Amino acid sequence: PIVMVNTPDPVQMGLVASLARPGGNITGTSTLSVDLSVKQLELLRAAVPQAVHIAVLWIPVNPWHAFALKGLESPARSLAVQLQFVGVRSAEEFDSAFAAMAAKQGEAVLVLPDPLTFFHRSQLIDLAAKHRLPAMYGLRPFVDDGGLMSYWANQAELFRRVASYVDRILKGAKPGDLPIELPSRFELVINLKTAKSLGLTIPRSLLERADEVIQ
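This report concerns the structure included in the present document.

Criteria and thresholds
Here the residue numbers are simple positions, counted from 1 along each chain's written sequence. Where totals are concerned, whole chains, interfaces and linings use all residues; where local detail is concerned, this predicted model gives features only for residues with pLDDT of at least 70, and gives and counts side-chain atom pairs only at 80 or more. Hydrogens and water molecules were not included; the side-chain quantities draw on all heavy atoms of the structure. Whenever Lys or Arg places a side-chain nitrogen within 4 Å of a carboxyl oxygen from Asp or Glu, that contact is recorded as a salt bridge. Under the DSSP-based scheme used, a helix requires at least four consecutive residues in state H or I and a strand at least two consecutive residues in state E, with every element numbered from the N terminus. Relative accessibility thresholds used throughout: buried, under 20% of the residue-type maximum; exposed, over 50%; partly exposed, between the two (1.4 Å probe, protein chains only). Expected helix span is taken as 1.5 Å per residue step, with the number of steps being one fewer than the number of residues. To obtain the bend at a residue, axes are fitted to the seven residues ending there and to the seven starting there, and the angle between these axes is taken. Two residues qualify as a contact provided that any one of their heavy atoms is within 4.5 Å of a heavy atom in the partner residue.

Re the pattern of salt bridges
Next up, step 1: Summed over the entire model, instances satisfying the criterion amount to eight salt bridges.
Next up, step 2: A salt bridge links Arg21 to Asp177, with the nearest nitrogen and oxygen atoms 3.2 Å apart. Of the two residues, Arg21 is situated in the loop between β1 (2-7) and β2 (26-30) and Asp177 in the loop between α7 (155-170) and β8 (186-191); the sequence distance between them amounts to 156 residues.
Next up, step 3: Judged by its relative accessible area of 55%, Arg21 is exposed.
Next up, step 4: For Asp177, a relative accessible area of 40% puts it in the partly exposed group.
Next up, step 5: Here the salt bridges share partners, and the residues they tie into one network are Glu157, Arg161, Arg168 and Glu181.

Focus: the environment of Asp126
Next up, step 1: With respect to the secondary-structure elements, Asp126 resides in helix α5 (residues 121-130).
Next up, step 2: Separated by 20 residues in the primary sequence, Asp126 and Gly146 have C-alpha atoms spaced 8.5 Å apart.

Topic: helix α2 (residues 65-78)
Next up, step 1: With 14 residues, α2 should cover 20 Å at 1.5 Å per step; its first-to-last C-alpha distance of 21 Å lies within 8% of that length.
Next up, step 2: Where α2 bends most, the angle comes to about 30 degrees, and this point is Leu72, followed within four residues by the proline Pro75.
Next up, step 3: Buried residues in α2 make contact with α1 (33-47), β3 (53-58), β4 (82-87) and β5 (108-111).
Next up, step 4: Just past α2, the residue Ala80 takes up positive phi, approximately 60 degrees.

Below is the structure:
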């Protein structure tokens, strides 16, 4: 049995037949990450309302990132922003990626979640500061380590729910009969110290929506 956590849309990825009845040997939770990426873009635009050129850092070898890029195109038009898709395959390409953003007059950057970006988050945070780019990330550790903003499903809740799946399977339940659950709690975290270092004033309306503001 395979129990998923923090997994992009498993139906779109072809991993299961449906969320209600996954079938096969897979179940767990899904973040439906394309929808989250759209929300991240909206929140980043709200934090930097003057930004019209926003870069999106993505990983070509991550299979769901292509879905995310396609899903961002229409919302970007609605927000009146132009997206610059910058793909990287290794941490060694981060420097050139941020240089490309600067060359295209990027005013902010959305970093799509991936193990590569997560484990090298200190480098990304430093590059965003160096190029003075307000950045939106997925998981909260980015903001704890000095990143500007993060928005994602509450991790503690997701892992607790995954533990309940494991318990039911060990007691005899079939994974394919257990509906895949979507998160019900999301967290917006903003680092005001980083905002000040960028000379950025976060709108009060956005600060009031934040689950936590790091001073």
